[in-house]
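Letter by letter, the chains look like this.
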Amino acid sequence: MDEIAPAPWKNGRGTTRELAQRSEQGQMVWRLSFADIAQDGAFSTFPGLSRIHTIATGHGLKLSGTNSEYVAKPLKPVEFDGGLILNATLTDGPCQAFNVIFNPQLTQAQASIVEGESIGLEGGEKVLFVLAGQLDMGSQGVFGVQQGLVLDAPATGVLSDDGVVLVIQFTPI
């Protein structure tokens, strides 16, 4: 991931690295990014889109809006409307987060954490992102921290004893 240059957020209050994006007929279906969050402040909005926010390092943050509040804790994916106007308050220092932004009219996304075991995945489009340890996907390669892959076929893999992987499953509408 170090080879991907950080880009400023839409609101300029942090940086992110865009990891992958899927578009169809000129419309974004989903986008994956990894953000560095170093200060309290407004979260970027993405009207018409949905978000899944997963704290990868650090202690997390609280997202507060007029009628909504979300607590983003390490390794606990949080899903919310990307159009919400939210302010982030860090919990005990900077953190990093894996973000999925998706168009809910084209796909649904579900996030889960898998730790220290084998992974068996059904078909359909999915993303695996290593948060700790190592993931051995056989002929598809071995992936370390902050590495991952996009798959659209059934697959199996083995995590190291300390391995933690974020799995995002996409389901077309």
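Right above here is the structure, for reference.
Residues numbered from 1 in each chain as written. Predicted model: local features only at pLDDT ≥ 70, side-chain atom pairs only at ≥ 80, totals over all residues. Heavy atoms only, no water.

Counting secondary structure elements, the chain contains 0 helices and 18 strands. Each principal axis of the C-alpha distribution contributes one length, and for the chain these read about 45 × 40 × 30 Å. Burial status across the chain gives 42% buried among its 173 residues. Considering only residue pairs separated by 6 or more positions, the chain has 66% of its internal contacts joining residues 24 or more positions apart. Only carbon and sulfur atoms are counted for the fraction: they give 47% of the accessible area of the chain, which is about 8700 Å². Here the chain holds 10 positive side-chain charges and 18 negative ones, and the gap between their average locations is 9 Å. (Helix = DSSP H or I, 4+ residues; strand = E, 2+ residues; numbered from the N terminus. Buried < 20%, exposed > 50% of the residue type's maximum accessible area, 1.4 Å probe, protein only. Contact = heavy atoms within 4.5 Å. Areas by Shrake-Rupley, 256 points an atom, 1.4 Å probe, with all protein chains shown as cover. Lys, Arg positive; Asp, Glu negative; His and termini not counted. Charge placed at Lys NZ, Arg CZ, Asp CG, Glu CD.)

Here we take up the sheet that holds strand β12 (residues 118-121). A sheet is described by the order of its strands in space; here 4 strands give the open sequence β12-β17-β14-β15, paired in antiparallel fashion. Edge strands, defined here as strands with exactly one partner in the open sheet, are β12 and β15 (142-143). For strand β14 (residues 135-136) and β15, the ladder comprises 2 bridges, and the chain directions are antiparallel. Counterpart to Leu135 in the pairing with β15 is Phe143. (Pairing = 2+ DSSP bridges.)

What follows covers the sheet that holds strand β1 (residues 7-8). In space, the 6 strands of this open sheet follow the order β1-β2-β3-β10-β5-β8, with antiparallel pairing throughout. Each edge of the open sheet is held by one strand with a lone partner, namely β1 and β8 (78-81).

So, about the packing of aromatic side chains. One pass over the structure, following the stated rule, counts 4 aromatic pairs. With 4.5 Å between their ring centres and 35° between their planes, Phe98 and Phe129 make a pair best called tilted. Separated by 31 residues along the polypeptide, Phe98 in strand β10 (residues 95-102) and Phe129 in strand β13 (residues 126-132) bring together distant segments of the chain. Just as Phe98 is buried, Phe129 falls in that class too. Linked through ring pairs, Phe34, Phe98 and Phe129 together constitute an aromatic cluster. (Phe/Tyr/Trp six-rings, centres within 6.5 Å; stacked < 30°, edge-to-face > 60°.)

In this section: unusual backbone geometry. A positive phi is found at Asp92, a non-glycine position, where the angle reads about 60°. One can find Asp92 in the loop between β9 (87-90) and β10.

Further remarks concern the pairing of strand β16 (residues 148-151). Burial of the side chains of β16 is restricted to one face: Leu149 and Leu151 are buried, whereas none of Gly148 and Val150 on the reverse face is. Across 4 bridges, the pairing between β13 and β16 is antiparallel. Residue pairing in the sheet places Phe129 in a bridge with Gly148 of β16.

In this section: the environment of Pro8. Along the chain, the position of Pro8 falls in strand β1. The exposure class assigned to Pro8 is exposed, which follows from its relative accessible area of 64%. Here the alpha-carbon distance between Pro8 and Arg31, two residues 23 residues apart in the chain, equals 16 Å. When sequence neighbours within four positions are dropped, the list of residues in contact with Pro8 reads Gly14 and Thr15.

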